[in-house]
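# Summary of the model geometry
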Amino acid sequence: MKVLALVKNVPDSTATIKVSDDGSGIETKGVKMVMSAFCEFSLEAALQFKEKNPGASAEITALTVGPAADVSVLRMAYAMGVDKVTHLCDDLFKDIDELSTARVIAAGIKDAGFDLIFAGKVGIDYDSGQLGPALAQCLDWPHVGAVTAIEWGADFKSATVRRRIEGAEEVVEIQLPCLLTIEKGLCEPRYPSLPGLMKAKKKPVDTMDAAALGFSAGDLSREAAGTYVSEFSPPPPRPPGRMIDGEPVEAAKELVRILREEEKAI
Amino acid sequence: MTKDVFVFVEQRDGTILPGGLQAITAGSELAGKTGGRVVVGLVGQDLGALADKLDGSGAAVTYLTDDGALADYNVLKYTRALVGQIEKADPQIVLMASSSMGRDLAPRVAIRLGGGLATDCVELGLDDAGTLVVKRSIYAGKATNNVHFNASKIQIASVRPNTYAAPEGGGSPAERVELPCAADASDDRQVTKEIARTGGGEKDVTEAAIIVSGGRSLKNEDNFKIIAELAAVLDGAVGASRAACDAGYQPHSRQVGLTGKTVTPQLYFACGISGAIQHLAGMRGSRRIVAINTDVEAPIFKVADYGIVGDLFEVVPAVTEAIKQAKAG
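The rules we used
Residues numbered from 1 in each chain as written. Chains lettered and ligands numbered in written order. Predicted model: local features only at pLDDT ≥ 70, side-chain atom pairs only at ≥ 80, totals over all residues. Heavy atoms only, no water. Helix = DSSP H or I, 4+ residues; strand = E, 2+ residues; numbered from the N terminus. Buried < 20%, exposed > 50% of the residue type's maximum accessible area, 1.4 Å probe, protein only. Contact = heavy atoms within 4.5 Å. Areas by Shrake-Rupley, 256 points an atom, 1.4 Å probe, with all protein chains shown as cover. Lys, Arg positive; Asp, Glu negative; His and termini not counted. Charge placed at Lys NZ, Arg CZ, Asp CG, Glu CD. Pairing = 2+ DSSP bridges. Axes fitted to C-alpha atoms, helices over the stretch in contact; angles between N-to-C directions. Phe/Tyr/Trp six-rings, centres within 6.5 Å; stacked < 30°, edge-to-face > 60°. Lys NZ or Arg CZ within 6 Å of the ring centre and 35° of its normal. Domains from an automatic or database assignment. Right-handed = clockwise from strand over helix to strand, strands pointing away. Buried area = accessible area lost by both parts, 1.4 Å probe. Polar contact = N/O pair within 3.5 Å; in protein donor to acceptor, adjacent residues only side chain to side chain. Salt bridge = Lys/Arg side-chain N within 4 Å of Asp/Glu carboxyl O.

## Structural notes on the overall build of chain A
- Along chain A, the regular secondary structure elements total 6 helices and 13 strands.
- Once the C-alpha set of chain A is aligned to its principal axes, its extents read approximately 65 × 50 × 40 Å.
- Split into buried and exposed, the 266 residues of chain A put 53% on the buried side.
- Intrachain contacts of chain A at a sequence separation of at least 6 include 69% that bridge at least 24 residues.
- If you sum the accessible surface of chain A, you get close to 11,900 Å²; carbon and sulfur atoms cover 52% of it.
- Between the averaged position of the 30 positive side-chain charges in chain A and that of its 40 negative side-chain charges there is a distance of 4 Å.

As structure tokens, this is what we get:
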């Protein structure tokens, strides 16, 4: 079976995010880029599928879309244990929206014969969550989003998965080929070993650019896209808070008085 | 393309999701600016009573795709039904709630219709040319940006829950347009087998108007009962920090923050939560924040509207008691 895991580089979640002076984006110079947390969950789910189901003879490919520097996320995927990596690599892919990214990936894997795709529920940079469902639609595949448990059916032709919704979990039976987006809680991502990281540097990267995928600069331009982003700004500051002093019982009474009488919040 | 705003109003088991109603309010504001009408869509089974409830919400037309095949949510069938409604309505703008269903459907619908999409929007408006422009929170709440739409394409956005109030009602009844369910055999490639309630039917953090969250300083699962008791007197939901969830005190479904849920309640209690960046990412959009912590230097006090420095094991039960007394008095 051929299994694909989508991975993406994002600024480290602990990094300081500074908006550029003209508001056109964020400063990326000196910001450490790492694999998005939900991509780690998704890659781990793919690796565990292979390890726990030798009968599936799975081959795991990791794929990313972006400029040359994003190869680092594929090296990390190699270090975690994938068999192959694909880089849809072009400067034209730098600022495209998620629906365009889905179309680019669909073109890139058209003839690859994948049976199963794992993606993160969202990227922790734009927190947008469009890519997985959009790619499934481009491929005319079924998908289940925010998966927290997977049970494989006979011969890996189907799966029964649980997906987290408001206050409940949906249990969904899905036929392959399919795409699953992974929620936190399904699995804990492994740490790559140091030798694994060293070896990953020398492994081959399958690369395709926009032209090879049939996209012109015009196809990927701002004018052709459904959306573009601008006017980045820091979050609005919250007004300074008010500290309530006193013994616990007194402070609690005062808090409740404020919330009832002044805020009318309770 | 008309100047109308189409709002998908999500329902499950005959109950309308609050976020779906809130999206109608957002839609009415936008339609006031486009010069078009608000029209709404319902997808499911036995929708008559729900359509009655939407009468007076401001919608001019209610599109109904009402069929036994749509009783349970199936992303393929619902995408097909929703695309059918939107093609019939031919709106400039499509809105829906940024719920688990909205997150599932919106990208598929956008690809099908060749439109633009922005998810989980916190402000919606029009630019000078009358095209949709929205504000979103990015990088775990460390920045925001605007998303501009292509004027020549259909403009689709999902709205963060609790960003808008539900419509006040009192408007005229909507015209009803029933559309057939055009389900295809290929839609049965996935089937919903069961909806398993988690958390004993308690409120989900993304839907609650009040959330009481606890951190690792609760020390164990059992101690979370003081958090649950405060949540209960407020008719709110229980939330937790990542540290508390990773330690197993609460299920991940209650985690608020970067790898958990983003919440925007009217009132958020952070009890024994220091306020790590990844937690603030999930709750800084709350209208009012109350922090209870022993450490006066804890970063949570920087975003809190009201703070009490003290031991949560003393303060939280005292707050619960004070609310009970206030309600009794």
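Text resumes after the structure shown.
## Some words on the sheet that holds strand 12 (residues 227-233) of chain A
- The sheet built from 4 strands is open, its strands ordered 12(A)-10(B)-9(B)-8(B) with antiparallel pairing. Strands with a single pairing partner mark the edges of an open sheet, and in this sheet they are strand 12 of chain A together with strand 8 (123-126) of chain B. The mean angle between the axes of side-by-side strands here comes to 25°, regardless of whether they run parallel or antiparallel.
- As paired strands, strand 12 of chain A and strand 10 (residues 143-149) of chain B are joined by 5 bridges and run antiparallel to one another. Each bridged residue has a counterpart across the sheet, and for A:T227 the counterpart in strand 10 of chain B is B:F149.

## Some details on the packing of aromatic side chains
- Applying the stated rule across the entire model yields 6 aromatic pairs over all chains.
- Relative to A:F156, the ring of A:F49 lies with its centre 5.6 Å away and its plane at 90°, an arrangement referred to as edge-to-face. With A:F49 in helix 1 (residues 37-52) and A:F156 in the loop between strand 7 (143-152) and strand 8 (158-165), this pair connects stretches of sequence that are 107 residues apart. There is no split in this pair, since A:F49 and A:F156 are both buried.
- With a centroid separation of 6.2 Å and 40° between ring planes, the pair formed by B:F6 and B:Y63 is classed as tilted. Linking B:F6 in strand 1 (residues 5-8) with B:Y63 in strand 5 (residues 61-66), this pair joins segments that are 57 residues apart in sequence. Neither B:F6 nor B:Y63 differs from the other in exposure class; each is buried.
- In this structure an aromatic cluster arises from ring pairing among A:F49, A:W152 and A:F156.
- Seen from the ring of A:F114, A:K2 lies directly overhead, with NZ or CZ sitting 5.5 Å from the centre.

## Some thoughts on the domain arrangement of chain A
- Its domain assignment divides chain A into domain 1 (2-220) and domain 2 (241-266).
- With centres defined by C-alpha atoms, the gap from domain 1 of chain A to domain 2 of chain A works out at 47 Å.

## Comments concerning the pairing of strand 4 (residues 59-66) of chain A
All names here are of chain A.
- Burial within strand 4 is extensive, with 7 of its 8 residues counted as buried.
- Bridge count for strand 1 (residues 2-6) against strand 4 is 5 bridges, and the pairing is parallel. Note that in strand 4 the partner of A5 across the bridge is A62.
- Note: strand 4 against strand 5 (residues 84-89), 6 bridges, orientation parallel. Across the sheet, residue T64 finds its bridge partner in strand 5, namely H87.
- Crossover strand 4 to strand 5 through helix 2 (residues 71-80) is right-handed.

## Describing the domain arrangement of chain B
Residues and elements named next belong to chain B.
- On domain assignment, one finds that chain B holds domain 1 (5-189) and domain 2 (210-328).
- One C-alpha centre belongs to domain 1, the other to domain 2; they are set 32 Å apart.
- Contacts between the two partners involve 6 residues from domain 1 and, on the opposite side, 7 residues from domain 2.
- The contact between domain 1 and domain 2 buries some 550 Å² in all, and 58% of this surface belongs to carbon and sulfur atoms.

## Looking at the side chain of B:N150
- By the element assignment, B:N150 lies in the loop between strand 10 and strand 11 (155-159).
- Only 2.8 Å separates the side chain of B:N150 from the side chain of B:S152, close enough to count as a polar contact.
- Every residue in contact with B:N150, bar those within four places of it in the chain, is listed here: A:E223, A:A224, A:A225, A:G226, B:T131 and B:Q155.

## Describing the interface of chain A and chain B
- Listed by partner, the interface residues are 79 residues for chain A and 91 residues for chain B.
- Between chain A and chain B, a total of about 7,200 Å² is buried, with carbon and sulfur atoms accounting for 54% of that surface.
- Counting across the interface, chain A meets chain B through 8 salt bridges.
- Counting the contacts that link chain A with chain B gives 45 residue pairs in polar contact (both at pLDDT 80 or more).

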